[in-house]
Amino acid sequence: MPGGLEGRYIRLEVISGTNLKVPSFHIPAGIYVSVNLGSSRCWKSAIGILSSDESIAWRDTVTLSLDASSTLSVEIRASFELDQMLGNGEVVGKLEMSWDALLDHGNEPFDISFPSVRGVHPSLTLKATVLHNCDNQDNALFDSIIECDIARDTDAGHERFATYVTSKTVSHLNDAVKHFQFVLDQCPVGHPHRAAALTNLAWACLQGYIRKDFQDIDFIISLFREALALRPQGHPDHPSSIYHLLKALIWHYSKEPAASYIRECAQLSCKLLPLCPGGTYLCSIAAGGNGADYVIRECNDLPIDVSDEGIHLRRVILELCPLGSAHRPNALYKLSWTLSTHFEQRGTIDDLAESTQHGREAVSLCPEGHSERHIYLINLAHSLHHLFKHQGISDDLNEAVSLYEEALRLRPVGHKSRDFSLNNLGSALYTRFNQHGDVNDVIRSISLRREALTLRPPGNPYRVSTLNNLALALKTRYVKLDASEDLDEAINLYRDSLQLRPHGHPRRHTGLFNLSSALCSRFMQARKNEDIEEAIRLCQESLEALPSLHPDRYFGYVWLKNAYVSRYRVQHNLADLSLAVENSRLASRHSTQGFPYRVETALHWVHTAENYQHESALEAYQTCLELFDNHVMTRSSVISRREAAIAFRSAQSLPVDAASHAIRHNSLQRAVELVEQGRGQQLSLASRLRTSLEDLKLASPDLAHRLSELNKRLSDTQGSVGSADRAVANRATIHYRGLQEQWGAVVAEIRNLKGFSRLLLPPLYEDLQAAARHGPVIILIASQYSCSAIVVPTSGEPHHVRFSRITLTHLETLKDDFTTAIRHAARMRPEVPRKKLRALLRIIWDEIMLPIVNVLQNDLELQPQSRIWLCPTAAFTSIPLHAANPFRMTTDRSGGEPCLEDLYICSYTPTLSALIRARQMMKMHATPSFAAIGQSQPGAGQGGVLPAVNGELKLVHKLVPPSVKFTNVSGDEATQPGALEALRRNTWVHLACHGTQDREQPYNSCFAMRDKPLTLLEIIENNSPQAEFAFLSACHTAVGDEETPDEIIHLAAGLQFSGFKSVIGTLWGVTDAIVKYIVEAFYEKMFEDLEDGGMMDCTKAAWALNHATHAVMTKVPLDQRMVFIHIVMLSVLESLAKSFVAR
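These numbers were taken from a predicted model, which means no experiment stands behind them.

## Comments concerning the overall build of the protein
When you go through the protein residue by residue, the secondary structure sums to 44 helices and 23 strands. With 1143 residues in all, the protein has 58% of them scored as buried. Taking the contacts inside the protein whose residues are at least 6 apart along the sequence as the reference set, 72% of them involve residues at least 24 apart.

## Overview of the nonpolar core
Core analysis: the biggest nonpolar cluster contains 156 residues, and Ile852 and Phe1082 have the highest contact counts within it. Tallying contributions element by element places helix α35 (residues 835-859) first for this core, with 11 residues. Non-local contacts of Phe1082, meaning those with residues more than four positions away in its chain, are made with Phe1029, Phe1031, Ile1064, Ala1101, Ala1104, Leu1105 and Ala1108. Among the nonpolar cores identified, the runner-up in size contains 119 residues, and Ala78, Phe161, Ala176 and Cys205 belong to it.

## Re the state of the cysteines
Under the counting rule described, the total for this entry stands at zero disulfides. Counting only cysteine sulfurs, Cys265 is the nearest neighbor of Cys299, a cysteine outside any disulfide, at a range of 7.8 Å. Under the relative-accessibility criterion, Cys299 is labelled buried at 0%.

## Brief notes about the pairing of strand β11 (residues 787-792)
When you tally the buried positions in β11, you get six out of six residues, the bulk of the element. Where burial is concerned, the two faces of β11 agree: the one with Cys787, Ala789 and Val791 and the one with Ser788, Ile790 and Val792 are both buried. Pairing of strand β10 (residues 777-782) with β11, which is carried by six bridges, proceeds in the antiparallel orientation. Residue pairing across strands places Val777 opposite Val792, the latter belonging to β11. If you look at the hairpin formed by β10 and β11, you'll find four residues sitting between the two strands. Where β11 and strand β12 (residues 799-802) come together, four bridges link them in antiparallel fashion. Within β12, the residue paired with Ser788 across the bridge is Arg802. Hairpin remark: β11 followed by β12, antiparallel, with six residues in the connecting loop; positive phi at Gly796, about 90 degrees.

## Here's the deal with the sheet that holds strand β20 (residues 1014-1015)
Here we have three strands laid out as an open sheet, ordered β18-β19-β20, and antiparallel in their pairing. Because the sheet does not close on itself, it has two edges, and the strands there are β18 (995-996) and β20. Pairing geometry for β18 and strand β19 (residues 1006-1007), over two bridges, is antiparallel. From the neighbouring strand, Gly995 faces β19, where its bridge partner is Phe1007.

## Notes on the packing of aromatic side chains
On inspection of all chains with the given rule, the structure shows 20 aromatic pairs. Taking the centre distance of 5.8 Å and the plane angle of 35 degrees together, the rings of Phe1031 and Tyr1083 count as tilted. Of this pair, Phe1031 sits in strand β21 (residues 1029-1033) while Tyr1083 sits in helix α42 (residues 1075-1086), and the two are 52 residues apart along the sequence. Both residues of the pair, Phe1031 and Tyr1083, belong to the buried class. Here the aromatic rings of Phe1031 and Phe1124 are separated by 5.4 Å at their centres, their planes lie at 50 degrees, and the arrangement is tilted. With Phe1031 in strand β21 and Phe1124 in strand β23 (residues 1124-1128), this pair connects stretches of sequence that are 93 residues apart. Here Phe1124 falls in the buried class, since its relative accessible area comes to 3%.

## Re the pairing of strand β17 (residues 988-992)
Most of β17 sits out of view: five of its five residues are buried. Burial of β17 is two-sided: the residues Trp988, His990 and Ala992 facing one way and the residues Val989 and Leu991 facing the other way are all buried. The pairing of strand β15 (residues 929-934) with β17 spans five bridges and is classified as parallel. Bridging across to β17, Gly934 finds its partner in Ala992.

## A look at the pattern of salt bridges
Inspection of the entire model under this criterion finds 45 salt bridges. For Asp972, the salt bridge is made with Arg1010, and the minimal N-O distance between the two is 2.1 Å. Taken as a pair, Asp972 in the loop between β16 (965-970) and α39 (976-985) and Arg1010 in the loop between β19 and β20 lie far apart in primary sequence, 38 residues in all. Taking the relative accessible area as the measure of exposure, Asp972 reaches 61% and is therefore exposed. With relative accessibility at 25%, the residue Arg1010 sits in the partly exposed group.

## Considering the side chain of Arg508
Examined against the element boundaries, Arg508 turns out to sit in helix α20 (residues 508-526). Not counting residues within four places of it along the chain, the set of residues in contact with Arg508 comprises Leu498, Arg501, Pro502, His503 and Glu541.

## Thoughts on the sheet that holds strand β4 (residues 56-65)
Strand order in the open sheet made by the four strands is β4-β1-β8-β7, with antiparallel pairing throughout. On the outer flanks of this sheet lie β4 and β7 (110-113), each paired with one strand and no other. Sheet twist, expressed as the average angle between the axes of neighbouring strands with direction ignored, equals 30 degrees. Sheet topology places strand β1 (residues 9-18) next to β4; eight bridges connect them, and they run antiparallel. Bridging from a neighbouring strand, Arg11 pairs with Thr63 of β4.

## Brief notes about helix α8 (residues 259-272)
Taking 1.5 Å per residue, 14 residues should reach 20 Å; α8 reaches 20 Å between its end C-alpha atoms and fits that length. All of the buried residues along α8 are Ile262, Arg263, Cys265, Ala266, Leu268, Ser269, Cys270 and Leu272. On the buried face of α8, the contacting elements are α7 (238-255), α9 (281-287), α10 (292-300) and α11 (308-319).

## With respect to the confidence of the model for the protein
Of all residues in the protein, 89% have pLDDT values of 70 or greater, and the mean over the chain is 87. The secondary-structure element of the protein with the lowest mean pLDDT is helix α2 (residues 138-141), recorded at 41, while β11 shows the highest, at 97. pLDDT under 50 marks residues 719-723. Its contacts with residues more than four places away, or in other chains, come to 10 contacts. Note that residues 1130-1143 has pLDDT below 50 and, in this model, 126 contacts with residues that lie over four places away or in other chains.

## Here we look at helix α13 (residues 349-364)
Counted at 1.5 Å a residue, the expected span for α13 with its 16 residues is 22 Å, and the 23 Å between its end C-alpha atoms agrees. Counting buried positions along α13 yields 12 of 16 residues, so the element is predominantly enclosed. Burial in α13 covers these residues: Ile349, Asp351, Leu352, Ala353, Glu354, Ser355, Thr356, His358, Gly359, Arg360, Ala362 and Val363.

Reading guide: rules and limits
Residues numbered from 1 in each chain as written. Predicted model: local features only at pLDDT ≥ 70, side-chain atom pairs only at ≥ 80, totals over all residues. Heavy atoms only, no water. Helix = DSSP H or I, 4+ residues; strand = E, 2+ residues; numbered from the N terminus. Buried < 20%, exposed > 50% of the residue type's maximum accessible area, 1.4 Å probe, protein only. Contact = heavy atoms within 4.5 Å. Core = buried A, V, L, I, M, F, W, Y, C linked by side-chain atoms within 4.5 Å. Disulfide = S-S within 2.5 Å. Pairing = 2+ DSSP bridges. Phe/Tyr/Trp six-rings, centres within 6.5 Å; stacked < 30°, edge-to-face > 60°. Salt bridge = Lys/Arg side-chain N within 4 Å of Asp/Glu carboxyl O. Axes fitted to C-alpha atoms, helices over the stretch in contact; angles between N-to-C directions. Expected span 1.5 Å × (residues − 1). pLDDT = per-residue confidence, 0-100.

Rendered as structure tokens:
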């Protein structure tokens, strides 16, 4: 005892420890320090969590009485439980100390070193301070050493096990196992220490197994499993128990590589890592080379497994590879490839979209120069190529070609995988040729595939696919260039490839399809019956080999259909035509194939049925319309829907051709339904998302709420789907598609309710006839098969009006002639007669409108000045039908013959549903407010100065009743956001500015503002439910998209879609200085009754416009009078109207 310290106390602070290795390699739950005074009393620090560098910071203190004992020992011990300890753990280091040694450092921290463990010396940093005054809290600070059998045997087991690890003497292992087994026997089910006893025994046995001193690994794993079950989620020792089981399974797999073991390792790693705090020793070993790192490497070496279990494994591995992980690119690639392969077998588009998303991220993580970049490029290109085939988006195909090109550059001549890149690029170019018809693509495809074939000599396992691909390209070039030698070579190559795919080969069916197609082509060339018989037999064989939902059955149906059609064309056996139709039906309805292919097949079915007058034509049209609608609706923005629509040029005439067929077969009601169903599809989904749910709320508030929420979420998703960032767009597309599936499920549930069976389905004639409640609707149908009109009366059957001397070609010529005549008229002085224009309007009267007027007057007995609605389709949308005029004197020379606008008040409607919807919305009146928006000096590049605009706005302000709130938005206030705000807040709007039609992308059509253009797309997205009427005093505001005239895409339609019920728009350019006469006459008529207490009523717009055009006859030339038209609102079931205005 140091002199003079009797009765004194020391405060000992255990600050930290380093090099804290456990002799037995057993993974500690934590480390603690014990200070032993004598043989019966000790102090234990808190159990500290070991850091990844095998250090701990405790900062734990104890007060020691120097009178308590003459000896002092310090121990470092490993605890294998964070919960209640079993025994005292394993000794890491033990050191006897004197009081002098402890107090020899003053009040400063000092280190003490322990004997070496596994090559390093554990050490502690301590600090000892003498206390001169201290209450004796000795009993409170110290624990009595309480011994029991299971604690003694556990400690003995740890000691013998540590000795075994260092000495490698098996007898020590056997002794340890005996001790641990004894403890386990004393801890039956329900005992609080059973999990610890199981773990100790299992760990000792596992080390014996690793050193081949113990064999029963299944027994070891069962012990760890039971221990884990006793330590569920939330238990302090749950993470360490997961690790122990993981460790055992990894060793089992390393000696007996069964996929089930490594799969479970992946699952356990995925559960474990989030439970391990960063920087801890458990985290480092769980994620390290003998933990998750090993699991990831081994899983990535497993063969691709496209089962649900295999895909789940790939998702788990990706979860183990967070951003920054070196393994993440490979994990992304493997999951992407697995999903793409799964898509090829199942045809589920979500697999393909997700595959593309992961593939794109993998490429982004491997910049130029990365050794694996070429692999990831090909994987992404592969997914995009498939995505194009399923959805038909050209950008996907072009990107795939670009990626394949880059990959080929990274695999120069001599590269071991060059043949794959040649084949891949050849396939993408071949697909692009089929899309765009550039013969250079198919020529280069053949060249690439010939080179690939030289790199795949006989015996190469991939030679067969190259033979097939080269033959396919040659056969296609034969069709394009009529080179018979290409066809003969293709057939020989197909036969060679088929020999390499005997019966039972999983890809034999593709060779059968291809050879059948080539033989069919040669039959049409040489008329040899054996070719067509073999072609049919090969297709039948291929279908027999495929399960019912395999995506490739689609191709079997298509080629079998082609074979039957070919034989019918030569042999004229009606049974072949029926078989061809049946296979068209099967192919079109094969749900695991993408919509683009199925639409193409349905179109061929239509043409076959029309050309050969088969009774299935109407069914073919209906199928095609439904598929085309579904295809367009997979796109989540109006712009992408237009891209989808114009990709099928032959589908543009579907609605009118279907109606024409129904007319020719005396089914007028069906004709009305078909033309209604097929028009305005691009915006139909957006319209559906704004459906009124008032009736549904009464029937089922829950379903109404769910549908309303999904409508909102779908609308909100559209912006991110249209992102220029392809990765962002892909993720949004996956999310959008999931929402769309939910939406479809809710709608299906609603349709089970009484009275809602046809919710959002194409309306029937009995519903559509409501559009004619206030006057007949005339649908003008311009089809390649016939041009005619259907008059839908207020009641009764529709009337057919045949145009005996008008064909689609005549209408196209008439449309072009009008364009020329309007252009010439614009350069003429106002007083000069528009002779050419008058002649064209006379043709419209004589050939089109007069036959219709005869029906109106004679069959319907329609009174003069009654309302009529014109619903033009296709080429009719570009012809000013309302201005039809005979420009002739009556037979008695008493005056001129009446024109259409003398007889009736004309309005346009894009569809009958639009008219019905407009009237429903008219019932809801908001407090009237009027905004006059004008921009006479638009921003740079948007057009010149319009000097008459400000005067026009003043004139409008003067004519609007003073009782109506009026807002003038002009000059610097007439900006894009300012105009949108005015459209949103006001019920009536007059807009005077430049209007511009974008012929490349109609949704970019715009009104010119001070800062930037106000585009059609922005107007569509600007919801204005209270809006009523808009007068568009600007150019080209009601001019439709030439690519898709029946889609009704223009500025006037955009305003209608945003909420305006009634719109005055323009068919071509208007003259700034002349338009004021029309405006003045129009508003004078609109507001003439308001002085007597009347209300503003937008339903008067057609009458007011009719009055205005007559009133200004002597002031305004013909071309400027007939430019304005009245259009009623779009409805739930269609999209935008004609076009827009460029002032």
